[in-house]
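# Reading the structure
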Amino acid sequence: MQADRPVVMPEDEVPFRLAQLLLLLDAVAAQDANGVTLDRIGYYDFLSANPFLVIPSEGRDASLLRLAGFDPQVLAYASSSQRFTSRRERIQHDLALLVAYGCCRVRNSSGSLTYSITEAGQHLGGQFTATYATSFATAADIVVRQLRKLSDKRLREQTARWLRPDGSDGPAAALMSVLGPGPLLETSWEE
C-alpha cells in the first residue's frame, strides 16, 4: 500500500453527492410534492446518510436500516457534528448543479425557495443500481418520514441534540458501546 496516495472519500466526489441528492429529493417527493427548503434538505441529507443518529437502534425502522447495511455502532457517528457542518456547506452548490442539469426545480413558495425533483431527475435516479443507492434510498425514506413532522425550529433543536457527543443516545454512545467506558479521572473538570 502506498503511504503517499491520498484518501478519497465518496462525499468528496461531486457525482456521488449529486446522486445522493437525487435519491433524497425522490424520497421527499414521495411525502411532500411541494418540495423543501435548502435548510431542510441539509438536515435530511446528512441524517439520511447517518440514520442511526435519528432512529432508535431497536424497532421496525432500525431493522430495515440494518437490512439496508447501516450499523448503529459505526465509529463515524462520534464525529458527526464536524461532518454535518462541512456537508451542509456543499448542498447549495450541488442543488444548483441539479437545477442546471434539469434534475431539480426551485420555486418561490410563500417567500421561501423550495427544491423538488423533476421527472428527468426521477428517471435518472431510477437508473442507479449500486447497493449503496438502494440503502441510501431506504434510509432517506425513513428519515424524511420521521423528520417532516417537525417544525423548522424543532428540527434545528433536535438535530443539535442528536449531534451532541454526550448523553446515552448521543453519537458518542455508539462509540462508547464499542470501546467501553473511558478511564475514571481522579479530578473533576467542573470544579
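In this text, all values refer to a predicted model and were calculated from it rather than measured experimentally.

## Here we look at the overall build of the protein chain
Tallying secondary structure elements over the protein chain gives 8 helices and 3 strands in all. Listed by position from the N terminus, the elements making up the protein chain come as α-β-α-α-α-β-β-α-α-α-α. Pairs at least 24 residues apart make up 68% of the contacts formed inside the protein chain by residues separated by at least 6 positions. When the accessible surface of the protein chain is totalled, it reaches about 11500 Å², and 54% of it is carbon and sulfur.

## Examining empty space enclosed by the protein
Taken as a whole and assessed by the stated rule, the structure comprises 1 cavity of 30 Å³ or more. Estimated volume of the largest cavity: approximately 40 Å³. In terms of lining, the largest cavity is formed by Arg-17, Gln-20, Leu-21, Asp-45, Arg-87, Arg-90, Ile-91 and Asp-94. Elements represented by at least two residues in the lining of the largest cavity include exactly α1 (14-31) and α4 (80-100). By residue number, the principal contributor to the lining of the largest cavity is α4, which donates 4 residues. In terms of residue class, the lining of the largest cavity is built from 2 nonpolar, 1 polar and 5 charged.

## Concerning the packing of helix α3 (residues 60-67) against helix α6 (residues 131-147)
The packing of two helices is summarised by the inter-axis angle and the distance between the axes. Interaxial distance between α3 and α6 falls to 9 Å at its minimum, and their mutual angle equals 155°. Taken together, the axes of α3 and α6 are roughly antiparallel relative to one another. Considering the relative orientation of α3 and α6, their crossing is left-handed. On α6, the residues touching Asp-61, Leu-64 and Leu-65 of α3 are Thr-138, Ala-139, Ile-142, Arg-145 and Gln-146. Of the residues assigned to the contact of α3 with α6, the class counts are 4 nonpolar, 2 polar and 2 charged.

## A look at the pairing of strand β2 (residues 104-109)
Strand direction decides the pairing type here: β2 and strand β3 (residues 112-117), joined by 6 bridges, are antiparallel. Within β3, the position partnered with Asn-108 by the bridge is Leu-113. In textbook terms, the turn of a hairpin is the stretch between consecutive antiparallel strands, and for β2 and β3 this stretch comprises 2 residues, one of which, Ser-110, has a positive phi near 55°.

## Examining the packing of aromatic side chains
One pass over the structure, following the stated rule, counts 2 aromatic pairs. Through pairs of rings, three or more aromatic residues link up here, namely Phe-16, Tyr-132 and Phe-136.

## Describing the environment of Asp-152
Looking at the element boundaries, Asp-152 is found in helix α7 (residues 152-163). A relative accessible area of 41% places Asp-152 in the partly exposed class.

## Quick notes on the nonpolar core
In this structure, Leu-24, Ile-41, Leu-47, Leu-95, Leu-98 and Leu-147 are the most contacted members of the largest nonpolar core, which totals 41 residues. Looking at this core, the elements with two or more residues in it are α1, α2 (38-49), α3, α4, β3, α6 and α7. Setting aside residues up to four positions removed in sequence, Leu-24 forms contacts with Ile-41, Tyr-44, Asp-45, Ser-48, Phe-136, Ala-140 and Val-144.

## What to know about α3
Considered for burial, the residues of α3 that qualify are Asp-61, Ala-62 and Leu-65. In an axial view of α3, the angular spread of the buried residues amounts to 100°, which keeps them on one side of the axis. Of the exposed residues in α3, the ones pointing more than 90 degrees away from its buried face are Arg-60 and Leu-67. Along its buried surface, α3 packs onto α6. Looking at the residues trailing α3, positive phi occurs at Gly-69, about 105°.

## Focus on the sheet that holds strand β1 (residues 36-37)
Pairing in this open sheet of 3 strands is antiparallel, and the strands run β1-β3-β2 from one edge to the other. The two strands at the open ends of the sheet, each matched to only one other strand, are β1 and β2. Along the sheet, α1 makes contact with β1, β2 and β3, crossing β3 at roughly 100°.

The rules behind the values
Residues numbered from 1 in each chain as written. Predicted model: local features only at pLDDT ≥ 70, side-chain atom pairs only at ≥ 80, totals over all residues. Heavy atoms only, no water. Helix = DSSP H or I, 4+ residues; strand = E, 2+ residues; numbered from the N terminus. Contact = heavy atoms within 4.5 Å. Areas by Shrake-Rupley, 256 points an atom, 1.4 Å probe, with all protein chains shown as cover. 1 Å grid on protein atoms, 1.4 Å probe; cavity = no way out; pocket = protein on both sides within 12 Å on 5 of 7 lines; lining within 4 Å. Points joined across faces, edges and corners; volume = space filled by probe spheres on them. Nonpolar A, V, L, I, M, F, W, Y, C, P; charged D, E, K, R; others polar. Axes fitted to C-alpha atoms, helices over the stretch in contact; angles between N-to-C directions. Parallel < 35°, antiparallel > 145°, perpendicular 65-115°, else oblique. Left-handed = near helix turned anticlockwise from the far one by under 90°. Pairing = 2+ DSSP bridges. Phe/Tyr/Trp six-rings, centres within 6.5 Å; stacked < 30°, edge-to-face > 60°. Buried < 20%, exposed > 50% of the residue type's maximum accessible area, 1.4 Å probe, protein only. Core = buried A, V, L, I, M, F, W, Y, C linked by side-chain atoms within 4.5 Å. Arc of directions from axis to C-beta.

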